[in-house]
Amino acid sequence: DIPILAPNFFDVQLIAAHTMAEELGSSRSDVDSSRPGLKSCCSHFLEDSGRVSSQTTDHGRDSRDSWSLSKNEQCSDWAQRPLTANQLEYAGLDAAVLLVLLAEMVCR
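Residues numbered from 1 in each chain as written. Predicted model: local features only at pLDDT ≥ 70, side-chain atom pairs only at ≥ 80, totals over all residues. Heavy atoms only, no water.

Participant: What is the right way to look at the overall build of the protein in this model?
Facilitator: The secondary structure content of the protein amounts to five helices and four strands. Starting at the N terminus and ending at the C terminus, the protein contains elements arranged as β-β-α-α-α-β-β-α-α. In the protein, 47% of the contacts between residues at least 6 apart in sequence involve partners at least 24 apart. (Helix = DSSP H or I, 4+ residues; strand = E, 2+ residues; numbered from the N terminus. Contact = heavy atoms within 4.5 Å.)

Participant: Just checking my understanding: could you explain helix α5 (residues 85–107) for this structure?
Facilitator: Taking 1.5 Å of rise per residue, the 23 residues of α5 would be expected to cover 33 Å, and the 33 Å separating its terminal C-alpha atoms lies within 8% of that figure. By the burial criterion, the buried members of α5 are Gln87, Tyr90, Val97, Leu101, Glu104 and Met105. (Expected span 1.5 Å × (residues − 1). Buried < 20%, exposed > 50% of the residue type's maximum accessible area, 1.4 Å probe, protein only.)

Participant: Is there a simple way to explain the environment of Thr84 in this structure?
Facilitator: Here Thr84 is to be found in the loop between α4 (71–74) and α5. Separated by 11 residues in sequence, Thr84 and Glu73 have C-alpha atoms that sit 9.3 Å apart.

Participant: Quick question: what am I supposed to make of the packing of aromatic side chains here?
Facilitator: In total, this model carries one aromatic pair according to the counting rule given. Judged by centre distance (6.1 Å) and plane angle (55 degrees), the ring pair of Trp78 and Tyr90 falls under tilted. Separated by 12 residues along the polypeptide, Trp78 in the loop between α4 and α5 and Tyr90 in helix α5 bring together distant segments of the chain. For Trp78, a relative accessible area of 28% corresponds to the partly exposed category. Judged by its relative accessible area of 12%, Tyr90 falls in the buried class. (Phe/Tyr/Trp six-rings, centres within 6.5 Å; stacked < 30°, edge-to-face > 60°.)

Participant: Is there a simple way to explain helix α1 (residues 12–24) in this structure?
Facilitator: Count 3.6 residues to each turn of an α-helix, and residues three or four apart come out pointing the same way. With 13 residues, α1 should reach 18 Å at 1.5 Å per residue; the first-to-last C-alpha distance of 18 Å fits that figure. For α1, the full list of buried residues reads Val12, Leu14, Ile15, Ala16, Ala17, His18, Met20 and Ala21. The opening residue of α1, the one whose side-chain oxygen lies 3.0 Å from the backbone nitrogen of Gln13, is Asp11. Backbone geometry just after α1 places Gly25 at a positive phi near 80 degrees. (Polar contact = N/O pair within 3.5 Å; in protein donor to acceptor, adjacent residues only side chain to side chain.)

Participant: Can you walk me through the side chain of Gln87 in this structure?
Facilitator: Within the element layout of this structure, Gln87 appears in helix α5. The exposure class of Gln87 is buried, given its relative accessible area of 3%. Looking at Gln87, its side chain comes within polar contact range of the side chain of Ser76, at 2.8 Å. When sequence neighbours within four positions are dropped, the list of residues in contact with Gln87 reads Glu73, Ser76, Asp77 and Trp78.

Participant: Would you take a moment to explain the side chain of His44 for this structure?
Facilitator: Summarising the element assignment, His44 is placed in helix α3 (residues 38–48). There is a polar contact of 2.7 Å between the side chain of His44 and the side chain of Glu23. When near neighbours in sequence (up to four residues on either side) are disregarded, His44 contacts Met20, Glu23, Leu24 and Arg108.

Quick look at the structure:
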């Protein structure tokens, strides 16, 4: 039951969110109303697999910073050319993490 948006395209983050909801016992309507972000999906699948460990902050809480991409680049001017090196790095990491996430879901 994979949500497909178009015949040759599917949304890896949406699939991860629905799978995550099933594993956590949430309903699909919960996911549709407030879909977990890419950071949460990566933390759920990759840290639960034991392949990546979460970090602990000074306050002893679990930190998901290992999946953080700079919001500065996300909110930067993507219409301005040429793109900066930081924008190119952000775009590459944003796309690459989806492949890692998909691979982990397939391995389950």
